[in-house]
Amino acid sequence: MAKIHGPLSDAARKTTGDALQGAVVDLIDLTLVAKQAHWNVVGRTFRSVHLQLDEVVEVARDHTDTLAERAVAIGVNPDGRSATVAADTRISQPDAGYVQDDKAIALITDALSTVVKRFRKRIDATADPDPVTQDRLISAAEDLEQQHWMFEAMR
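Residues numbered from 1 in each chain as written. Predicted model: local features only at pLDDT ≥ 70, side-chain atom pairs only at ≥ 80, totals over all residues. Heavy atoms only, no water.

J.: It is not clear to me how the overall build of the protein should be interpreted in this structure. Could you clarify?
T.: Within the protein, the secondary structure is distributed over five helices and two strands. Across the protein, helices and strands are ordered from the amino to the carboxyl terminus as α-β-α-α-β-α-α. Over its C-alpha trace the protein gives a radius of gyration of 16 Å, about what one expects of a compact globule, namely 15 Å for 155 residues. Residue burial in the protein is summarised as follows: out of 155 residues, 45% are buried. Long-range pairs, those at least 24 residues apart, make up 83% of the contacts in the protein between residues at least 6 apart in sequence. Working note: accessible area of the protein is about 8,400 Å², and carbon and sulfur atoms make up 52% of it. Distance from the positive charge centre (18 side chains) to the negative charge centre (24 side chains) of the protein: 3 Å. (Helix = DSSP H or I, 4+ residues; strand = E, 2+ residues; numbered from the N terminus. Rg over C-alpha atoms; globule rule 2.2 N^0.38 Å. Buried < 20%, exposed > 50% of the residue type's maximum accessible area, 1.4 Å probe, protein only. Contact = heavy atoms within 4.5 Å. Areas by Shrake-Rupley, 256 points an atom, 1.4 Å probe, with all protein chains shown as cover. Lys, Arg positive; Asp, Glu negative; His and termini not counted. Charge placed at Lys NZ, Arg CZ, Asp CG, Glu CD.)

Below you can see the structure in the form of structure tokens.
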């Protein structure tokens, strides 16, 4: 069986791989939380919240793929299986059923805040071992911070 080794030392691969794996889990979970809210949001601002939630999903999905492929490029297998995401999630989960628009806004604002804080730690952790990965994490953080701003402005 073929194995991808990538350009990093073992120590750099471990640090960077851990950062990438955590990012992949956070982004997959953010996608799921945002979609759950998207499907079930109700209220006076339904339409704008519904549409903005899809933007969060698009951002998260795009960066999930980029970061998972970066992991493979450095010789780390990303794990996006549902059991892994469920076991490793750090994002608050929505209740079942309809979600009032103001509660959906609060849920996603808090979820984005959690994810952004974790991304910033990963950015710091990858500065020395892999600036290429750090650059990709910075790009993702920028887009996530923009989404956070948009939801925070709706509160």
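Past the structure itself, the notes keep going.
J.: Even after reading the chapter, I still don't get the pattern of salt bridges, so can you show me in this structure?
T.: Opposite charge on two side chains allows them to pair when their charged atoms are near. The full count for this structure, using the stated rule, is nine salt bridges. For Lys14, the salt bridge identified is with Asp18, shortest N-O distance 2.8 Å. Of this pair, Lys14 and Asp18 are both found in helix H1 (residues 10-40), four residues apart, which corresponds to roughly one turn of the helix. Here Lys14 falls in the exposed class, since its relative accessible area comes to 51%. For Asp18, a relative accessible area of 43% gives the class partly exposed. Taking the shortest distance from any N to any O, the salt bridge between Arg70 and Asp130 comes out at 2.8 Å. Of this pair, Arg70 sits in helix H2 (residues 46-73) while Asp130 sits in the loop between helix H4 (101-125) and helix H5 (131-154), and the two are 60 residues apart along the sequence. Like Asp130, Arg70 is buried. By sharing partners, the salt bridges in this structure join Asp26, Arg118 and Arg122 into a single network. (Salt bridge = Lys/Arg side-chain N within 4 Å of Asp/Glu carboxyl O.)

J.: Which parts of the structure should I look at to understand H2?
T.: In an α-helix, one turn spans 3.6 residues, which is why side chains three or four residues apart end up on the same side. Given a rise of 1.5 Å per residue, 28 residues ought to cover 40 Å, and the 41 Å separating the end C-alpha atoms of H2 matches this to within 8%. Just downstream of H2, Gly75 is the residue with a positive phi angle, here 95 degrees. (Expected span 1.5 Å × (residues − 1).)

J.: Is there a simple way to explain the UniProt feature "domain: Ferritin/DPS" (unreviewed entry) in the protein in this structure?
T.: Per the UniProt record, "domain: Ferritin/DPS" (unreviewed entry) is found at residues 18-154. Between the C-alpha atoms that bound residues 18-154 the distance is 34 Å, and the span itself is 78% helix and 3% strand. (UniProt positions renumbered as here; feature names shortened; annotations may be inferred.)

J.: Looking at this structure, I do not really get the packing of aromatic side chains. What am I missing?
T.: Aromatic ring pairs: the centre-centre distance and the angle between the two ring planes describe each pair. Tallied over the full model, the rule gives zero aromatic pairs. One residue, Arg122, lies across the ring of Phe119, its end atom 5.4 Å from the ring centre. (Phe/Tyr/Trp six-rings, centres within 6.5 Å; stacked < 30°, edge-to-face > 60°. Lys NZ or Arg CZ within 6 Å of the ring centre and 35° of its normal.)

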